[in-house]
Structures are given as C-alpha cells and as structure tokens.
Amino acid sequence: MTVYQRSISASIDPVKLDRLAELATKVGLQLKAGQDLLVTAPTAALPLVRKVAEHAYRVGAGLVTPILSDETVTLARYRYAPDDGFDRAAGWLYDGMSKAFAANTARLAIVGDNPMLLAGENPIKVARASKANSVAYQPALEKIVNFDINWNIIAYPSLSWAKQVFPEDEEDVAVAKLADAIFAASRVDNDDPIAAWEKHNATLRNRTEWLNGQRFSALHYFGPGMDLTIGLAEGHEWVGGASTAKNGITCNPNIPTEEVFTTPHARRVSGHVVSTKPLSYQGSLIDGIAVRFEEGCIVAAKAARGEEVLNKVLDTDEGARRLGEVALVPHSSPISKSGLLFFNTLFDENAACHIALGQCYSKCFVDGAKLTPEQIAAQGGNKSLIHIDWMIGSDQTDIDGIHADGRRVPVFRKGEWA
Ligand code: ZN
Ligand code: ZN
C-alpha cells in the first residue's frame, strides 16, 4: 500500500469498517467453527479483507483464502492482449471454487470495483470476455444459486467507485461519503448492528409470510411506461432477508438487502416495461431500457444508452430473454431515500422494485432443495448463464396480486406496500 492509498483509506471510519467485517462473519455468513472461507475482493478492499480474516479466525474458521482482482491488471488485458485471448476464462480457478463449495467452504464476495471500468473499451471484446467468464463460472455459480453453502456479499468504498458516485468531490471526501452510505445501508452505523439485523430480518419475514399465504398466480404492474403481467412459477416461494442454505446454515446473502423476491413463470410474462434506473453491467452502463414480453420472452428491446451491450446480453442463451426473479422493494427503503445512484446492483436493486433476466433461484420454490432441474423447469423456473437485475419501480408503481380465479388484491400503491 502506498502512502497515497493509506491517506485515502484513512477517510473510512475504522470502527464501522471493523463492525462490517464482524457483521459479514456472524450474520452475513454465520460462519461455523471449522468451516473454510473463500473471499473474493478487489485489491483496494484489502483493509476489509484483513478485518474479515481476523473475525473469521476468531469464530474458529478453518482456512481463509482470499482471491484478489485488480483494475489495472484488468485494463492491461484490453490494452495489450491479443484479440484471440478474449474467449478465455480461468476455468481452472472456478473448478477449484466449485470443489471448495462442494467441501462446504463458505463464500464471501466483497464488491468495490469501479463500475465504469470497461466503459471505454471495445464492447465486442467486453461481451466475449464476459460470456467466456459466465460459461467458466457456471459450475461454481450453480452451487451459489442453488444455495448449497452459506454465502454473503458486502461492499468496500474503493476510490475508483467513490469517484463515480461523487464526481464533484475531492477524492478523500468522495471515499468518506461512499463509506458513510455503505455503512448506513448495511446498518453498521449503530452500536449493535447484529440486533438491528435481527429486527430487519423479522420485518422481511412478515412480508414473505403474507405473500406466501396469498399464493398469487400473477402480479400486474401498472404505472407510467408500464403495463406488465408477471405470472408466478408453480410452487413459488417468496424469500427475503435471512434464509437457510442446503448445508443447514442460516445466513444473510446480501448486505444490504431490502427486497422480498420469488420466481416468475418463464413462459407467462406479457406486456411492456421501462427501466427506472441505469443498470451497471460489467463495466458498462445500460440506461433507458424498454422491452416487450410475449409468452415470457422479450420480443423487442431498446436502450437509450448501451443498447449494443444489452442486445449481446439478451443473445447469451435461450433463457437470457426470460425472467428468473421478481422482487418487491418499497420506494421508501433507506437506499432509495439516500437518493444516490451507486452504479452497483447490490445497492441499487434495494432502491426499487426489480426483475432479473436469466437464471432463477431454486430456493424460491416450496421445497426447492428437493426439486430436480427438470422439475424446476416444468414449474416455470428459468435457466440461463446470466442473472441480471434491473429496476422497474418508482414512486408511481402500482401492483396488484391476481389469484387463480381472477380476484385482485392491492400489493403496492404509489411505490409502497398497500
Ligand atoms: Zn433481487
Ligand atoms: Zn437478482
């Protein structure tokens, strides 16, 4: 670490950073004594990686293994690598991750990369590299989306990210502001974050219990720019906040989180919708998305910005044009109230109702752990290499739940729980 980096990270409150590491270990992961931990993080997040290692070993972790990525190394590839190298990915690394997860290793992902890192690079190369990476990552990602092990994502306020969120500010001020926003959204800005998360998880559980009691057949979204009916998968289950992985450990996969979500029916979505916030996808910004669905499939897609990247994404595979997640988030969520655009899905998806293209979560089915991939597909679950959340909610969003007999129940009015 250079003197310069040290002065920038000095603008991050060390007490709250330590609390975030402790929260990730004890609530996010619920790491068990003897369990190994795999941590992925950008090099800028090393101060947090080190704190996590300390808390993980204090609760009895077996072995903590960090895997770091670096923005300068990533950019070097786009500047200097031969063209035919862009279809390569570190499959051996993901195979190793997959083996680790099969052996009950927990997974912590620390995000903090510059969301616009690849914005100036050749979009064809970005798409090729991203597809190769998605294919190679599949064996490891499957164990995450199938919830085989306890996992958690948290964020670190790196300088390059802070400069995107607060472009007008001096660097140290931008980092301090992003740090405060992350700490507030992650509920570590109070003396007892663990108690705060118990309360928050209970609130989310009340919502999911109500929705699971209703057993809606579909949700109808209406408001400015949208008239969209999303059929829900047969045997779908709403989840949110803490949930229990197949290894029996109850963890909080996302910190922060405000959403409750379930599996839409991949073949029963119709109507049109526009995005209400920009989507930052692997270093590119896609904004002003407008799509039309027929029988679950996107048949027309436009974007005011990043349309080329969007179309590449939609062409990834058959399931990339269909939905794998539908999530409800009130407009008054703390992240929405912050008024900030984080350019990062972990935060921005918690500011608005959203849908995700691509792979569904098997945990969003009743007894999902026992279903085969064929059964999940038959019940309407989607399969794809991608899973991309994008925001469709605003303070104008109205949503009705529709029962199988056609009866309607208000779920959201003007962006809030009805
Ligand atoms: Zn979501
Ligand atoms: Zn999602």
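In this report, the structure presented in the accompanying data block is examined. Just so we're clear, the structure is a prediction, and the values are computed from it rather than from any experiment.

Reading the values: the criteria
- Residues numbered from 1 in each chain as written.
- Chains lettered and ligands numbered in written order.
- Predicted model: local features only at pLDDT ≥ 70, side-chain atom pairs only at ≥ 80, totals over all residues.
- Heavy atoms only, no water.
- Helix = DSSP H or I, 4+ residues; strand = E, 2+ residues; numbered from the N terminus.
- Rg over C-alpha atoms; globule rule 2.2 N^0.38 Å.
- Buried < 20%, exposed > 50% of the residue type's maximum accessible area, 1.4 Å probe, protein only.
- Contact = heavy atoms within 4.5 Å.
- Areas by Shrake-Rupley, 256 points an atom, 1.4 Å probe, with all protein chains shown as cover.
- Lys, Arg positive; Asp, Glu negative; His and termini not counted.
- Charge placed at Lys NZ, Arg CZ, Asp CG, Glu CD.
- Core = buried A, V, L, I, M, F, W, Y, C linked by side-chain atoms within 4.5 Å.
- Domains from an automatic or database assignment.
- Pairing = 2+ DSSP bridges.
- Axes fitted to C-alpha atoms, helices over the stretch in contact; angles between N-to-C directions.
- Donors = N, O, S within 2.8 Å, 3.2 Å for Na, K, Ca; no water.
- Tetrahedral: all angles 85-135°; square planar, octahedral: opposite > 155°, others 65-115°.

For the protein chain, the helix and strand inventory stands at 13 helices and 20 strands. The C-alpha atoms of the protein chain give 21 Å as radius of gyration, which agrees with the globular expectation for 418 residues (22 Å, within 12%). If you line up the protein chain on its principal axes, its C-alpha atoms span 65 × 50 × 45 Å. Across the 418 residues in the protein chain, those meeting the buried criterion constitute 55%. For the protein chain, long-range pairs separated by at least 24 residues make up 76% of all intrachain contacts whose partners lie at least 6 apart in sequence. When the accessible surface of the protein chain is totalled, it reaches about 17400 Å², and 53% of it is carbon and sulfur. In the protein chain, 42 positive and 50 negative side-chain charges are present, and the distance between their average locations comes to 2 Å.

L37, L48, L108, I110 and F347 are the most contacted members of the largest nonpolar core, which totals 52 residues. At the level of elements, α2 (14-28), β1 (37-42), α3 (46-58), β3 (106-111), β4 (151-155), α7 (159-165), α8 (171-185) and α12 (345-348) are the ones that each hand at least two residues to this core. Per-element tally for this core: the top contributor is α8, with eight residues. Each of two domains, domain 1 (3-185) and domain 2 (214-241 + 251-417), supplies a minimum of three residues to this core. Contact partners of I110, with chain neighbours within four places excluded, come to V39, T40, A41, P42, A45, L48, V49, I154, A155 and Y156. Among the nonpolar cores identified, the runner-up in size contains 42 residues, and L211, F293, L310 and L328 belong to it.

Further remarks concern the sheet that holds strand β2 (residues 64-69). The sheet built from four strands is open, its strands ordered β2-β1-β3-β4 with parallel pairing. The strands lining the two open edges of the sheet, one partner per strand, are β2 and β4. Between one strand axis and the next, the sheet turns by 15 degrees as a mean value, whatever way the strands run. Alignment of β1 against β2, held across six bridges, turns out to be parallel. Paired with V39 across the bridge in β2 is P66. Along the sheet, α2 makes contact with β3 and β4, crossing β4 at roughly 160 degrees.

Attention shifts here to the coordination of the zinc ion (ligand 1). Those donors, E259 (OE), E325 (OE), E349 (OE) and H354 (NE2), are the protein atoms that reach the zinc ion (ligand 1), and they lie 2.0 to 2.5 Å from it. One way to put it: the four donor atoms around the zinc ion (ligand 1) meet at angles of 77 to 154 degrees, and that makes the site irregular. Counting gaps between the donor residues of the zinc ion (ligand 1) yields the pattern E-x65-E-x23-E-x4-H. The metal-metal distance between the zinc ion (ligand 1) and the zinc ion (ligand 2) comes to 3.3 Å, with E325 coordinating both. You can see E325 sitting in strand β15 (residues 323-328) and its partner E349 sitting in the loop between α12 and β16 (354-358), a full 24 residues away along the chain. Like E349, E325 is buried.

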